[in-house]
Amino acid sequence: ATKLAKSLATKNPSDYQARYWLGEAYLADGKPELALMEFKFVNQNAIFGNGINEIEFRKKLSELYSKFNHTEDAFKQNILLTKLEPNNPENFYMVGKYFEQKGKSEQALGYYQQTLKLNKRHVKAHAATGLLLFRAKKYGEAKKEIDMAIQLSPDTFSSYYYLGKILKENKDYAAAV
C-alpha cells in the first residue's frame, strides 16, 4: 500500500487522496511522523467527502499532533470536531483538557460541563471538574464531582487521592486518612 500510494503521490504531488492513503499506510507501518507530514498536506488541500471521512481524519490528525507535542494544532482540530460532532462528549472533554493545560480554568470547566451534559457518566470529566473545583477552593462542589467519579469508576485510584485532599481541607482528618 505504501509503494502504491507513494507512486501515485509522485505522479501527482497535489493528489490529496493519494497523500491521505500514504499517511494511512505510514500509520499502519508504525511511522507516525511520516503520517503526520502527509496528513498536514491533506489538511491544507483536501475537499472532504470525496473518499475521506473528515471526522475520522481530524481525530487521527489531532492524535498525531498530540503525540508530537503540537498542542495548539491538536487543540484546533478538537475545536473543529466539536462543531462537526456536537453530540460527541469526547471532543468537548479534549478541548477542556487543552484549556486546562493552558491554565484557563474557567474555559476548561465550561467544556467539562458540556461533556457532562452530553454524557453524565463520563468519569474523566467528573474527575477533571472535581480537580478544577478543588483548586478553586470550592470543596463542597469538588467533593460531589470526585464522589461521582469514584462511584462510576471505583478502580481509578487518583480520585481517592483528591477525595482525601478535599476531606483534609474540610478538616475531616479521619475520613481523609
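Report on the accompanying structure.

Each value, and the rule that gives it
Residues numbered from 1 in each chain as written. Predicted model: local features only at pLDDT ≥ 70, side-chain atom pairs only at ≥ 80, totals over all residues. Heavy atoms only, no water. Helix = DSSP H or I, 4+ residues; strand = E, 2+ residues; numbered from the N terminus. Contact = heavy atoms within 4.5 Å. Areas by Shrake-Rupley, 256 points an atom, 1.4 Å probe, with all protein chains shown as cover. Lys, Arg positive; Asp, Glu negative; His and termini not counted. Charge placed at Lys NZ, Arg CZ, Asp CG, Glu CD. Buried < 20%, exposed > 50% of the residue type's maximum accessible area, 1.4 Å probe, protein only. Arc of directions from axis to C-beta. Expected span 1.5 Å × (residues − 1). Polar contact = N/O pair within 3.5 Å; in protein donor to acceptor, adjacent residues only side chain to side chain. Phe/Tyr/Trp six-rings, centres within 6.5 Å; stacked < 30°, edge-to-face > 60°. Lys NZ or Arg CZ within 6 Å of the ring centre and 35° of its normal.

## Section: the overall build of the protein chain
Line of reasoning, step 1. Looking only at helices and strands, one finds 11 helices and 0 strands in the protein chain.
Line of reasoning, step 2. If you list the helices and strands of the protein chain from N to C, you get α-α-α-α-α-α-α-α-α-α-α.
Line of reasoning, step 3. With the C-alpha coordinates of the protein chain rotated into their principal frame, the extents come out at 70 × 30 × 25 Å.
Line of reasoning, step 4. When contacts within the protein chain are restricted to residue pairs at least 6 apart in sequence, long-range pairs at least 24 apart make up 43% of them.
Line of reasoning, step 5. Of the accessible surface of the protein chain, which amounts to about 10,300 Å², a share of 52% is contributed by carbon and sulfur atoms.
Line of reasoning, step 6. Between the averaged position of the 27 positive side-chain charges in the protein chain and that of its 20 negative side-chain charges there is a distance of 2 Å.

## So, helix α1 (residues 2–11)
Line of reasoning, step 1. Taken together, the buried positions of α1 are Thr 2, Ala 5 and Ala 9. Projected down its long axis, α1 carries its buried residues within an arc of 70 degrees, all on one side. Of the exposed residues in α1, those oriented more than 90 degrees away from the buried face are Lys 3, Leu 4, Thr 10 and Lys 11.
Line of reasoning, step 2. Residues of α1 that are buried make contact with α2 (16–28).

## Let's talk about α2
Line of reasoning, step 1. The terminal C-alpha atoms of α2 lie 18 Å apart, and with 13 residues this matches the ideal 18 Å at 1.5 Å per residue to within 8%.
Line of reasoning, step 2. Check the buried side of α2 and you find it contacts α1, α3 (32–45) and α4 (54–67).
Line of reasoning, step 3. Immediately beyond the C-terminal end of α2, within one or two residues, lies Gly 30, with a positive phi of roughly 75 degrees.

## Notes on the side chain of Thr 82
Line of reasoning, step 1. Inspection of the secondary structure assignment puts Thr 82 in helix α5 (residues 71–84).
Line of reasoning, step 2. The class of Thr 82 is buried, set by a relative accessible area of 5%.
Line of reasoning, step 3. Within polar-contact distance, the side chain of Thr 82 engages the backbone oxygen of Ile 79 at 2.6 Å.
Line of reasoning, step 4. For Thr 82, the residues in contact, after removing those within four places along its chain, are Asn 91, Phe 92 and Val 95.

## Quick look at unusual backbone geometry
Line of reasoning, step 1. Notably, Asn 69 is not glycine yet its phi reads approximately 60 degrees, a positive angle.
Line of reasoning, step 2. With respect to the element layout, Asn 69 can be found in the loop between α4 and α5.
Line of reasoning, step 3. Positive phi is not limited to glycine here, since Lys 137 has a value of about 60 degrees.
Line of reasoning, step 4. Of note, Lys 137 is situated in the loop between α8 (123–135) and α9 (139–152).
Line of reasoning, step 5. Lys 137 gets classed as exposed once you look at its relative accessible area, which sits at 61%.

## Thoughts on the packing of aromatic side chains
Line of reasoning, step 1. Throughout the structure, instances matching the rule amount to 13 aromatic pairs.
Line of reasoning, step 2. For the pair Phe 75 and Tyr 98, a centre-to-centre distance of 6.3 Å together with 80 degrees between the ring planes defines the contact as edge-to-face. Taken together, the residues span a long stretch of sequence, with Phe 75 in helix α5 and Tyr 98 in helix α6 (residues 89–101) at a distance of 23 residues.
Line of reasoning, step 3. Look at Tyr 93 and Tyr 112: their rings are 5.6 Å apart centre to centre, the planes differ by 35 degrees, and that puts the pair in the tilted class. Of this pair, Tyr 93 sits in helix α6 while Tyr 112 sits in helix α7 (residues 105–118); the two residues are 19 residues apart in sequence, bridging distant segments of the chain. Across the pair, Tyr 112 and Tyr 93 agree in class, each one buried.
Line of reasoning, step 4. Members of the aromatic cluster, joined through ring pairs, are Tyr 20, Trp 21, Phe 39, Phe 48 and Phe 57.
Line of reasoning, step 5. Over the aromatic face of Phe 75 sits the side chain of Lys 102, whose NZ or CZ is 3.9 Å from the ring centroid.

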